[in-house]
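Listed below are the residues making up each chain.
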Amino acid sequence: MRTTLSVFTALLALSATGAATAHPTPVPGGANQAAAVAGSLHATLFNGQARIRKMSLGKPDNSPNESYPDTADEKWIVFRAVMSNGTAKPLEMTQFTASIVDGDGIAVAAQPDKVRPIGIVSNIPPGGAWKETILFQVPKDFKPVKIVLVAANPHYKAFRITIAPSDVP
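Since we're looking at a predicted model, the values are computed, not measured.

Conventions used here
- Residues numbered from 1 in each chain as written.
- Predicted model: local features only at pLDDT ≥ 70, side-chain atom pairs only at ≥ 80, totals over all residues.
- Heavy atoms only, no water.
- Helix = DSSP H or I, 4+ residues; strand = E, 2+ residues; numbered from the N terminus.
- Buried < 20%, exposed > 50% of the residue type's maximum accessible area, 1.4 Å probe, protein only.
- Contact = heavy atoms within 4.5 Å.
- Areas by Shrake-Rupley, 256 points an atom, 1.4 Å probe, with all protein chains shown as cover.
- Pairing = 2+ DSSP bridges.

A. View of the overall build of the protein. The secondary structure content of the protein amounts to one helix and twelve strands. Order of helices (α) and strands (β) in the protein, N terminus to C terminus: α-β-β-β-β-β-β-β-β-β-β-β-β. Of all 169 residues assigned to the protein, the portion counted as buried reaches 35%. Taking contacts inside the protein between residues at least 6 apart in sequence as the whole, the part at least 24 apart equals 69%. Carbon and sulfur atoms form 59% of the exposed surface of the protein, whose accessible area is close to 10,100 Å².

Shown next as structure tokens:
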């Protein structure tokens, strides 16, 4: 009994010493980073409200809604995706605030008037889908590594979408 008590006391002392010297685990991305569902451009992601899939990056298609030529200093990148209602009720949702980010963390916000559909999606039945198109005007040398879509309703996590070099138009 005395041996068992001695071993237990020694283990307790060692575990207390280890706990005292342990360092806290840092928060990935920093303490102020938005909580998000993360995945690649080729994944299907779900934040509890909306599901996003069939994502791609491209150039404007020169349709009346996307007639934006590049300039000497800037280019256009178009993010396209299929979004769907992941809830059990008809969906009324304000569009996401969108940013495209390079390897240095420089973020460029989407032009609010160049997000399709504009403003709000309404009366989307459970499982119903819509096409999302977001245009970004960025410097010519901009190399995107992620897109961040922040939901208007803070109850739902943002989407953090990783972009591989081969995904960039």
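B. Spotlight on the sheet that holds strand S2 (residues 45-46). The antiparallel open sheet is built from five strands, whose spatial order is S2-S3-S4-S10-S8. Because the sheet does not close on itself, it has two edges, and the strands there are S2 and strand S8 (115-116).

C. Seen up close, the side chain of threonine 133. Locating threonine 133 in the fold gives a position in strand S10 (residues 129-139). Once residues within four sequence positions are removed from consideration, threonine 133 is found in contact with Glu66, Val78, Phe79, Arg80, Lys114, Val115 and Arg116.

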